[in-house]
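These are the residues of each chain, in order.
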Amino acid sequence: LMRPALRDEDFNIEKNVIKEEIAMYKDLPSFDVVDRCRTLHFDGHPCGNSVLGSEDSIDKLSAEQMRSYFTRRYAPNNMVFACTGNLDWEQICSTVEDHCGSWTEQPVVRKLENSNGSGKIQRIEKENLVREHICLMSAGVSAQDPRRFAASLLGVIVGDDVGSRFFWELVDKALAEAATMQFGAMDGTGTFYNYIRCSNENAVIVLDTVRSIYDSLAKNGITEDELTKAKNKILSALVIKNELPMGRLIDLGFNWIYLQQYRTIEDDVSAIKAVTIDDVNSLIEQVNPGDFTQFSIGPVQN
């Protein structure tokens, strides 16, 4: 699986599959608006590249280029083997050594740079849409930053599906059908990204309300009650996720890739519990989530 042949004939078939996927996601405005906003926000930073690529980049890519890329990037010094469950450690190590011991290291060092975002605003129109799809993206903190726990809590306080500031001010008041904010930690950088779906007629008042929410955050910060509820939500989700092998596996892999650390569930639970109001309010002041890049996809306007 990790050393595929990447034959020319298979590669050409798969290129068409990927192009179909690109077309499919472009037909999903909730995905498309976030993908486009990410490109606009990072504005030349590698994190602004679409994972799927473009039709043009797929057409021009050759099997030989893919084989060369695979050899360089899927190297043992750029990969983590993660496992969880009732396993025989010695047997696991022996099996990995037998199958992967001949793999050679490659120069895989890359420069990690933070991005504060472009702050640009763009909107495109599509004739088949009847709703406005809005993505707002602002600077966050990286996966290596100890403030990532405060950032996760801030995302829940502002934009959780239920009981957040977005919920009460936008969804509960029927100004928007959906309004969420999430924190995304990446390698060397991070973002807060908001997704809002509303009628075209409500778009202006929705954006005014969002700015009001962020202005209030900057001026007054969060409350003790908001922090407590956010901690309960995150801690519950963390424990439930790590009861599943795949959930635990993902945390193990990402912690080792980003931090070169083995972190127990208890480590993360303690880190979340230790976050204070001052930690979150300081983060708001430092990253200013109200200073965002904006991309919208909506119906054709008269």
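Heads up: these notes are all about the structure in this document. (Residues numbered from 1 in each chain as written. Predicted model: local features only at pLDDT ≥ 70, side-chain atom pairs only at ≥ 80, totals over all residues. Heavy atoms only, no water.)

1. Some thoughts on a nonpolar patch on the surface
1) Next: Taken together, the side chains of Val80, Trp256, Ile257 and Tyr262 present a nonpolar region at the surface, about 400 Å² in accessible area.
2) Next: Relative to the helices and strands, Val80 is located in the loop between α4 (63–73) and α5 (89–100). (Patch = residues over 30% accessible without salt bridge, like charges linked within 9 Å, V, L, I, M, F, W, Y side chains within 5 Å. Areas by Shrake-Rupley, 256 points an atom, 1.4 Å probe, with all protein chains shown as cover. Salt bridge = Lys/Arg side-chain N within 4 Å of Asp/Glu carboxyl O. Helix = DSSP H or I, 4+ residues; strand = E, 2+ residues; numbered from the N terminus.)

2. Digging into α4
1) Next: What α4 keeps buried is the set Ala63, Phe70 and Arg73. Seen end-on, α4 carries its buried residues on one side only, within an arc spanning 105°.
2) Next: Buried residues belonging to α4 abut α1 (8–26). (Buried < 20%, exposed > 50% of the residue type's maximum accessible area, 1.4 Å probe, protein only. Arc of directions from axis to C-beta. Contact = heavy atoms within 4.5 Å.)

3. What about the sheet that holds strand β4 (residues 190–199)?
1) Next: Strand order in the open sheet formed by five strands is β1-β5-β2-β4-β3, and the pairing between neighbours is mixed. Of all strands in the sheet, those bounded by a partner on one side alone are β1 (121–125) and β3 (178–185). Taking the axes of each pair of neighbouring strands and ignoring which way they run, one obtains an average angle of 15° across the sheet.
2) Next: Across nine bridges, the pairing between strand β2 (residues 131–139) and β4 is antiparallel. Looking at the pairing, Arg131 lines up with Ser199 of β4.
3) Next: Contacts from helix α6 (residues 148–159) reach β3 and β4 within the one sheet, and its direction differs from that of β3 by about 175°.
4) Next: In the packing of helix α8 (residues 203–220) onto the sheet, contacts are made with β2, β3, β4 and β5 (293–298), and the angle to β4 comes to roughly 145°. (Pairing = 2+ DSSP bridges. Axes fitted to C-alpha atoms, helices over the stretch in contact; angles between N-to-C directions.)

4. Some points on the layout of surface pockets
Where empty space is left in the structure can be found by rolling a water-sized probe over the atoms.
1) Next: In this model, the second largest pocket occupies a volume close to 1,100 Å³.
2) Next: Going through the elements one at a time, α6, β3, α9 (224–241), α10 (245–259) and α11 (265–273) are the ones with two or more residues in the lining of the second largest pocket.
3) Next: When the residues that make up the lining of the second largest pocket are grouped by side-chain class, the tally is 15 nonpolar, seven polar and eight charged. (1 Å grid on protein atoms, 1.4 Å probe; cavity = no way out; pocket = protein on both sides within 12 Å on 5 of 7 lines; lining within 4 Å. Points joined across faces, edges and corners; volume = space filled by probe spheres on them. Nonpolar A, V, L, I, M, F, W, Y, C, P; charged D, E, K, R; others polar.)

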